[in-house]
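Summary of structural features
Here is how the chains run, residue by residue.
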Amino acid sequence: MSEKATLKIDGKSFEFDVITGSENEKCIDIQKLRSETGYITMDPGLGNTGSCYSSITYVDGAKGILKYRGYPIEELAEKTVFTETAYLILYGELPTETQLQEFSYRIREQAPIHTNLEHHFSGFPQNAPPMAILSAMLNLVSCFHPEVLEVPTTGAEFDRTAALLMSKVRTIAAFAYRMASGKPINHPNPNLTYCGNFLHMMFSDPYHQYEVSPVIDKALNLFLILHADHEQNCSTSTVRVVGSSRANLFSSVAAGVCALWGPLHGGANAAVINMLGAIKASGRPLTYYLSRAKDKDDPFRLMGFGHRIYKNFDPRSLILKKQVHDVLQALNLEDGLLEIAMELEEATLQDDYFISRNLYPNVDFYSGILLRALGIPLNMYTVMFAIGRMPGWIANWQELHDHKLRISRPRQIFTGETERPFIPLSAR
Ligand code: ACO
């Protein structure tokens, strides 16, 4: 017999199905709650609301586990390149060598952007935030590829569009940086790897071809893999909400970029570096910042700490921390911010406020220090996150359509005025 949950309201009992996920996680199916009882549920921030079934990514926040399509993140980070993990996320299986070659070829052939689209970059002011440029330009891509407005969610047309998006996001990101720095654009080089090509478009100069060091290539692959998906986070949910109106893939991911931008989500990676820099520059003891973070009247929070789901270490932060050390050593670099970051982490591990609330470093805490070591400028950190998250956004958009989900349309409890007599303007 299937498991049921019983709800009692005014002495009347109502039964609801209990759904069990493949990792044994439980959920009460309340889809008929309103029609049967007249009640809705209240869950601001949607912390307890399952909005979909998904077979893409699994997170166990209590144990600090993250898996894409059943593969632990630690293994994917160590043994795959980004395009391989992206293929896994998009298609559900690790690619064969031939499949990976074909996928990489599709991405490579889509790297250039339309000349007229290129002209749009010069319309932005020089200090325009690259996240604003990225979101705007992703929306614009569909104007140059009208065929993608009606993307089937399977088959060759979907394959082409998914590769197009993964490729264009990289080109747009690099061009946004070049424009913002007043430097000439570097067109993509089809002979380079996914990461190598990005680094070339970012850093080559007319008289100096950027040489991609294997250390940097590997570290960038790892960064992108760790960001490739994270189930129903704020930006992915945004992509799904927008996509649920049957908006096209491009406007859906452009909205995802906007959601990612905020400092409580992807914007935290840059905010962490700003915070660590401010701590270093101020010379104040860490206890000063810990007290501020604990003070409810002070808006200051420790950026890069805490997570809606992880109530244990975020496995991505553990991998990143180790990678930061490895990369700094391999490149013979030192970074004063790393010392402060480690001291801060250590201090929170001894502090009751952080212990009792399960606040540990999240993915954004060490990622900025890694990007600094790779030479990525601060205003590009959240853009880097967006490049990494693209396969997750596309796969979730596709799954939404596959499951033929209804339009997203939450309810509310109205707390405003009830009916009021209208007063004419002259009498107010
Ligand atoms: N510093 C200080 N206190 C914190 C922090 C923090 N970084 N994070 C949470 N808390 C406290 C809250 O004040 C709250 O305390 P209370 O119970 O006494 O009221 C408690 O911990 C629970 O926090 P919530 O805000 O309710 O947790 P929520 O799940 O809503 O928010 C979030 C999660 C947004 C990540 C939050 O921890 C935060 O703001 N962190 C800093 C920003 C950040 O690093 N964001 C990146 C997240 S990872 C990602 O999106 C890729």
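Residues numbered from 1 in each chain as written. Predicted model: local features only at pLDDT ≥ 70, side-chain atom pairs only at ≥ 80, totals over all residues. Heavy atoms only, no water.

1. Digging into the overall build of the chain
Scanning the chain from N- to C-terminus turns up 18 helices and six strands. Taking 428 residues into account, the globule formula puts the C-alpha radius of gyration at 22 Å, and the chain, at 23 Å, falls close to it. Its C-alpha atoms put the chain at 80 × 70 × 55 Å along the principal axes. For the chain, buried positions account for 50% of its 428 residues. With 40 positive and 46 negative side-chain charges, the chain shows a spacing of 5 Å between the two charge centroids. (Helix = DSSP H or I, 4+ residues; strand = E, 2+ residues; numbered from the N terminus. Rg over C-alpha atoms; globule rule 2.2 N^0.38 Å. Buried < 20%, exposed > 50% of the residue type's maximum accessible area, 1.4 Å probe, protein only. Lys, Arg positive; Asp, Glu negative; His and termini not counted. Charge placed at Lys NZ, Arg CZ, Asp CG, Glu CD.)

2. Focus: the sheet that holds strand E6 (residues 71–72)
Judged by pairing direction, the sheet is antiparallel, and its three strands sit side by side in the order E4-E5-E6 without closing on themselves. The strands lining the two open edges of the sheet, one partner per strand, are strand E4 (57–60) and E6. Note: strand E5 (residues 65–68) against E6, two bridges, orientation antiparallel. From the neighbouring strand, Lys67 faces E6, where its bridge partner is Pro72. (Pairing = 2+ DSSP bridges.)

3. Some details on the domain arrangement of the chain
Under the domain assignment used here, the chain contains domain 1 (4–65) and domain 2 (77–406). The C-alpha-based centres of domain 1 and domain 2 are spaced at 31 Å. Residue-level contacts link 17 residues of domain 1 with 18 residues of domain 2. A buried area of about 1,200 Å², summed over both sides, lies between domain 1 and domain 2, and 57% of it is on carbon and sulfur atoms. (Domains from an automatic or database assignment. Contact = heavy atoms within 4.5 Å. Buried area = accessible area lost by both parts, 1.4 Å probe.)

4. Quick word on the pairing of strand E1 (residues 4–9)
With six bridges connecting them, E1 and strand E2 (residues 12–20) associate as antiparallel partners. Residue pairing across strands places Ile9 opposite Lys12, the latter belonging to E2. From the end of E1 to the start of E2, which pair antiparallel, there are two residues, and Asp10 there has a positive phi angle of about 50 degrees.

5. Remarks on the pattern of salt bridges
Inspection of every chain in the model, using the stated rule, returns 16 salt bridges. One salt bridge in this structure joins Arg160 and Glu157, with 3.6 Å as the shortest N-O distance. With a gap of three residues between them, Arg160 and Glu157 both fall in helix H7 (residues 155–180), about one helical turn apart. Arg372 serves as the salt-bridge partner of Asp335, at 2.8 Å between the closest nitrogen and oxygen. In this pair, Asp335 is assigned in the loop between helix H14 (315–330) and helix H15 (336–349) and Arg372 in helix H17 (residues 363–373), connecting sequence segments 37 residues apart. Members of the salt-bridge network, linked through shared partners, are Glu147, Glu157 and Arg160. (Salt bridge = Lys/Arg side-chain N within 4 Å of Asp/Glu carboxyl O.)

6. Notes on the site of the ligand
In the neighbourhood of the ligand, 21 residues make up the surrounding shell, with His265, Arg301, Leu302, Gly304 and Arg308 lying closest. Between the ligand and Arg301, the relevant distance is 2.7 Å, taken from an oxygen atom to a side-chain nitrogen or oxygen of the residue. (Near = heavy atom within 4 Å. Polar contact = N/O pair within 3.5 Å; in protein donor to acceptor, adjacent residues only side chain to side chain.)

7. Description of the environment of Leu117
Looking at where Leu117 falls in the secondary structure, it is placed in helix H5 (residues 115–121). Considered as a pair, Leu117 and Met137 are 20 residues apart in the sequence and their alpha carbons are 8.0 Å apart. Not counting the four nearest positions on each side in its chain, Leu117 is found in contact with Met137, Leu140, Val141 and Phe144.

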